[in-house]
Amino acid sequence: MNFINKMERRFGRYAIHNLTKYIIGIYVLGYILEYMGRLTGFSVLSWLVLSPYHIVQGQIWRLISWVLIPPPSSNLLFVLIMLMFYYSIGTALERTWGAFRYNLYIFGGIICTVIGAFLLYAIGGPMISVYGSMAFSTYYINLSIFLAFAASYPDMQVLFMMIIPMKMKWLAYLDIAYLLYDLIRGNWATRTVIIASLFNFILFFLATRNYTRISPGQMHRRQEFKKAVHPKMAQGVTKHKCAICGRTEKDGDHLEFRFCSKCNGNYEYCQDHLFTHEHVK
């Protein structure tokens with residue numbers, strides 16, 4: 001947490017504000033390129049995918065250009081709904097975290113994905129890297145943005161399938177189940193992207209949690225504070241008090257106290273005034 005605070009103080013002025021707007025613009029451009037490829041039969045996106053094999057061959061633009069690969073979808077209405085949804089949660093996260101932390105989360109997911117792609121290339125070789133390169137898109141980074149929003153606003157309600165009201169935390173559980181399903185049935189490229197996006201989510205939230213409250217020193221200070229304060233708080237605090245004479249159980253063990261059912265309000269009296277007091281109306 002202190003490390004991120006220091007980074008924000010030093011580099012916060014370089015943060016990109018309204019980053020979600022630029023992300024949505026990149027998606028729109030990616031969908032346009034995908035549509036043009038379908039019309040012309042020439043896939044421009046195939047020259048943009050994150051392929052470490054081609055990168056080491058000199059096509060270094062692929063280190064960045066892969067973010068143009070949009071989330072897969074064949075339904076224009078679904079694309080519009082998806083873009084509007086991610087714009088709303090992205091801007092909400094930026095307002096909550098601040099521009100620098102939101103930038104750090106997004107670019108951290110991109111960097112983790114690039115590192116995962118090169119690890120896959122180093123372990124599996126060129127064939128696996130090239131075959132699975134189309135899996136390296138921002139699709140799972142989007143899901144990590146959703147998880148981050150659900151972790152920040154777990155009790156916010158949204159309309160699932162535009163009909164069913166559901167809290168964000170339950171949708172996040174469904175999202176995690178879907179990620180685990182893809183993790184099991186997918187190829188190694190898909191698994192690498194999922195692990196990279198989840199690693200970014202876990203790393204970011206672990207790094208931004210304040211752990212001083214559960215440190216041994218802080219817990220010891222709280223215990224000492226309770227020992228010092230609680231006896232003082234206990235002095236003068238009584239369970240019973242007569243509304244007429246003001247006597248309490250500390251004035252004698254023989255005293256008994258009862259509430260009067262005929263008085264309007266919670267009035268308690270000792271045995272000497274329980275039947276002789278004037279009822280409060």
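Residues numbered from 1 in each chain as written. Predicted model: local features only at pLDDT ≥ 70, side-chain atom pairs only at ≥ 80, totals over all residues. Heavy atoms only, no water.

Participant: Explain empty space enclosed by the protein to me, please; I cannot follow it from the model alone.
Facilitator: Empty space among the atoms becomes visible once a probe the size of a water molecule is rolled across them. Throughout the structure, instances matching the rule amount to one cavity of 30 Å³ or more. Computed from the structure, the largest cavity encloses a volume of approximately 40 Å³. The wall of the largest cavity is formed by Thr 20, Ile 23, Ile 24, Tyr 27, Tyr 86, Gly 90, Tyr 102, Asn 142 and Ile 145. Elements supplying a minimum of two residues to the lining of the largest cavity: α2 (19-40), α5 (76-97) and α8 (139-152). (1 Å grid on protein atoms, 1.4 Å probe; cavity = no way out; pocket = protein on both sides within 12 Å on 5 of 7 lines; lining within 4 Å. Points joined across faces, edges and corners; volume = space filled by probe spheres on them. Helix = DSSP H or I, 4+ residues; strand = E, 2+ residues; numbered from the N terminus.)

Participant: Quick question: what am I supposed to make of the UniProt feature "transmembrane region" (unreviewed entry) in the protein here?
Facilitator: Under the UniProt annotation, the feature "transmembrane region" (unreviewed entry) is placed at residues 21-49, 69-90, 102-124, 130-151, 158-181 and 193-212. The distance from the first to the last C-alpha atom of residues 21-49 is 22 Å, and the span holds 69% helix and 0% strand. Along residues 102-124, the helical share is 100% and the strand share 0%, with 33 Å between the first and last C-alpha atoms. (UniProt positions renumbered as here; feature names shortened; annotations may be inferred.)

Participant: Before we go on, may I ask you to explain the confidence of the model for the protein in this structure?
Facilitator: Where the model shows low pLDDT, its predicted coordinates should not be examined in detail. This prediction gives the protein a mean pLDDT of 78; 82% of its residues lie at or above 70. Within the protein, the element-level pLDDT minimum falls on helix α7 (residues 126-131), averaging 54, and the maximum on helix α4 (residues 62-65), averaging 88. (pLDDT = per-residue confidence, 0-100.)

Participant: Sorry, what's going on with unusual backbone geometry here?
Facilitator: A negative phi angle is the norm for most residues apart from glycine, just as the trans form is the norm for most peptide bonds. The backbone phi angle of Asn 18 is positive, close to 55°, even though this residue is not glycine. Mapped onto the elements, Asn 18 comes out in the loop between α1 (2-11) and α2. Its relative accessible area of 43% is what places Asn 18 among the partly exposed residues. (Buried < 20%, exposed > 50% of the residue type's maximum accessible area, 1.4 Å probe, protein only.)

Participant: Help me understand the layout of surface pockets, please; the structure alone is not making it clear to me.
Facilitator: Estimates place the volume of the second largest pocket at around 330 Å³. Contributing to the lining of the second largest pocket are 18 residues, with Ile 26, Val 67, Ile 106, Phe 107 and Ile 110 lying nearest its centre. Tallied by class, residues from the lining of the second largest pocket come to 16 nonpolar, two polar and no charged. (Nonpolar A, V, L, I, M, F, W, Y, C, P; charged D, E, K, R; others polar.)

Participant: Looking at this structure, I do not really get the packing of aromatic side chains. What am I missing?
Facilitator: Each aromatic ring pair is specified by the distance between its two centres and by the angle formed by the two planes. Scanning all chains against the criterion turns up five aromatic pairs. Connected via pairs of aromatic rings, a cluster forms that spans Phe 85, Tyr 86 and Phe 146. (Phe/Tyr/Trp six-rings, centres within 6.5 Å; stacked < 30°, edge-to-face > 60°.)

Participant: What is the right way to look at the side chain of Ser 144 in this model?
Facilitator: Structurally, Ser 144 can be placed in helix α8. Classification of Ser 144 by relative accessible area gives buried; the value is 2%.

Participant: Would you take a moment to explain a nonpolar patch on the surface for this structure?
Facilitator: On the surface, Ile 16, Tyr 22, Phe 107, Ile 111, Ile 115, Leu 119 and Ile 123 cluster together into a nonpolar patch covering about 710 Å² of accessible area. The leading source of residues in the nonpolar patch is helix α6 (residues 99-124), at five residues. Here Ile 111 is to be found in helix α6. (Patch = residues over 30% accessible without salt bridge, like charges linked within 9 Å, V, L, I, M, F, W, Y side chains within 5 Å. Areas by Shrake-Rupley, 256 points an atom, 1.4 Å probe, with all protein chains shown as cover. Salt bridge = Lys/Arg side-chain N within 4 Å of Asp/Glu carboxyl O.)

Participant: Explain the environment of Arg 258 to me, please; I cannot follow it from the model alone.
Facilitator: Among the secondary structure elements, Arg 258 is positioned in strand β3 (residues 257-259). On the basis of relative accessible area, Arg 258 is assigned to the partly exposed category, the value being 47%. The sequence separation of Arg 258 and His 273 amounts to 15 residues, and the corresponding C-alpha distance is 9.7 Å.

Participant: I keep staring at the nonpolar core and nothing clicks. Help me out?
Facilitator: Nonpolar side chains in soluble globular proteins tend to be buried together. In this structure, Trp 97, Tyr 102, Tyr 105 and Ile 106 are the most contacted members of the largest nonpolar core, which totals 42 residues. Broken down by secondary-structure element, the contributors of at least two residues to this core are α2, α5, α6, α8, α9 (168-185) and α10 (188-207). The leading source of residues in this core is α8, at nine residues. Excluding residues within four positions of it along the chain, Tyr 105 makes contact with Trp 97, Ser 144, Ile 145, Ala 148, Asn 200, Phe 201 and Phe 204. If you look at the next biggest cluster of nonpolar residues, it comprises eight residues, including Cys 242, Leu 255, Phe 257 and Leu 274. (Core = buried A, V, L, I, M, F, W, Y, C linked by side-chain atoms within 4.5 Å. Contact = heavy atoms within 4.5 Å.)

Participant: What's the story with the side chain of Arg 62 in this structure? I'm lost.
Facilitator: Looking at where Arg 62 falls in the secondary structure, it is placed in helix α4. A polar contact of 2.5 Å, which involves the side chain of Arg 62, links it to the side chain of Gln 59. Beyond its immediate chain neighbours, meaning those up to four positions away, Arg 62 contacts Ser 46, Trp 47, Leu 48, Val 49, Leu 50, Ser 51, His 54 and Ile 55. (Polar contact = N/O pair within 3.5 Å; in protein donor to acceptor, adjacent residues only side chain to side chain.)

Participant: When you look at α5 in this model, what are you seeing that I'm missing?
Facilitator: Since there are 3.6 residues in each turn of an α-helix, residues three or four apart along the chain are aligned in direction. The terminal C-alpha atoms of α5 lie 31 Å apart, and with 22 residues this matches the ideal 32 Å at 1.5 Å per residue to within 8%. Looking only at α5, the buried set comprises Val 79, Met 82, Leu 83, Tyr 86, Ile 89, Gly 90, Thr 91, Ala 92, Leu 93, Glu 94 and Trp 97. In the segment just after α5, Gly 98 is the residue with positive phi, at about 100°. (Expected span 1.5 Å × (residues − 1).)

Participant: Honestly, the packing of α6 against α8 in this entry has me stumped. Any pointers?
Facilitator: Each packed pair of helices is defined by two parameters, the angle between the axes and the distance between the axes. Where α6 meets α8, the axes come as close as 10 Å, and the angle between the chain directions of the two elements is 145°. For the crossing formed where α6 meets α8, the hand is right-handed. Here α6 contributes Tyr 102, Tyr 105, Ile 106, Gly 109, Ile 110 and Thr 113 to the contact with α8, which in turn contributes Ile 141, Ser 144, Ile 145 and Ala 148. (Axes fitted to C-alpha atoms, helices over the stretch in contact; angles between N-to-C directions. Left-handed = near helix turned anticlockwise from the far one by under 90°.)

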